[in-house]
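Given next are the chains, with one letter for each unit.
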Amino acid sequence: MFLRNLVYRLGSDPKKSWTTFKLGLLIFVIGAALILLGTQYSPLLQLPGLIALAVGLIIAAKGYLGIFSNRFAKTLERLDAASTLNSKNKHRD
């Protein structure tokens, strides 16, 4: 029950999760660009790039978890509806 409630809670706002994922992806790309620029110009750019990469990865993962949870919650709802329908049909026979 705990996991089911967690899935429903994480997937409750898919638009917010999508926005969070896009923000994390943007920060990740900026970090990757800083790392690449650091190889050409100044190695001091690589440290903020690594930090941005890690922060972007965490934010994007949080958003992706929300997106995945939303889809998984819909699957759980379909399974619950199917099992309820099957149990009602068994009681009729």
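Notes on the structure follow. Here the residue numbering is sequential within each chain, running from 1 through the sequence in written order. Given that the model is predicted, a residue must reach a pLDDT of at least 70 before its local features are reported, and side-chain atom pairs must reach 80 or more before they are shown or counted; all residues, however, enter totals for whole chains, interfaces and linings. Hydrogens and waters are ignored; side-chain quantities use all the structure's heavy atoms.

Before going further, it helps to spend a moment on the overall build of the protein chain. Strands here mean DSSP runs of E at least two residues long; helices mean DSSP runs of H or I at least four residues long; both are numbered from the N terminus. Helices and strands together make up the secondary structure of the protein chain, namely 3 helices and 0 strands. Counted from the first residue to the last, the protein chain has its helices and strands arranged as α-α-α. Along the first, second and third principal axes, the C-alpha atoms of the protein chain reach 75 × 20 × 20 Å. Between buried and exposed lies partly exposed: a residue is buried under 20% and exposed over 50% of the maximum accessible area for its type, with that area taken using a 1.4 Å probe on protein chains only. For the protein chain, buried positions account for 18% of its 93 residues. By sequence separation, contacts in the protein chain at least 24 residues apart represent 70% of the contacts at least 6 residues apart. The Shrake-Rupley method, run with a 1.4 Å probe, gives the accessible areas here. Residue values count only the displayed protein chains as cover. As presented, the protein chain carries roughly 7,300 Å² of accessible surface, and 69% of it is formed by carbon and sulfur atoms. Two residues form a contact once any of their heavy atoms are found within 4.5 Å.

A few words on helix H2 (residues 14–40). Here H2 spans 39 Å end to end across 27 residues, near enough to the 39 Å set by a 1.5 Å rise per residue. Among the residues of H2, those classed as buried are Ser17, Thr20, Gly24, Gly31 and Gly38. For a helix, the expected span equals 1.5 Å multiplied by the number of residues minus one.

By secondary structure assignment, the location of Leu25 is in helix H2. The class of Leu25 is partly exposed, set by a relative accessible area of 42%. Each C-alpha atom, one on Leu25 and one on Met1, is 32 Å from the other, the two residues being 24 residues apart in sequence.

Attention shifts here to the environment of Ala73. Within the secondary structure layout, Ala73 lies in helix H3 (residues 46–92). Residues Ala73 and Lys15, spaced 58 residues apart in sequence, show a C-alpha to C-alpha distance of 15 Å.

Moving on, we get to a nonpolar patch on the surface. Like charges within 9 Å and nonpolar side chains (Val, Leu, Ile, Met, Phe, Trp, Tyr) within 5 Å are joined into patches, using only residues over 30% in relative accessible area that form no salt bridge. By definition, a salt bridge exists where a carboxyl oxygen of Asp or Glu is found within 4 Å of a side-chain nitrogen of Lys or Arg. A cluster of nonpolar side chains, contributed by Leu10, Tyr64, Leu65, Phe68 and Phe72, occupies part of the molecular surface with about 470 Å² of accessible area. Sorting elements by how many residues they give to the nonpolar patch places H3 first, with 4 residues. Checked against the element boundaries, Leu10 lands in helix H1 (residues 2–10).

Our next topic: the side chain of Asn70. Inspection of the secondary structure assignment puts Asn70 in helix H3. Since its relative accessible area comes to 13%, Asn70 is described here as buried. Within the local environment of Asn70, its side chain forms a polar contact with the backbone oxygen of Gly11, the two atoms lying 2.8 Å apart. With residues up to four places along the chain from it excluded, the contact list for Asn70 reads Gly11 and Pro14. The definition of a polar contact used here is a pair of N or O atoms within 3.5 Å, where within protein one atom must be able to donate a hydrogen and the other to accept one, and adjacent residues in sequence count solely through side-chain atom pairs.

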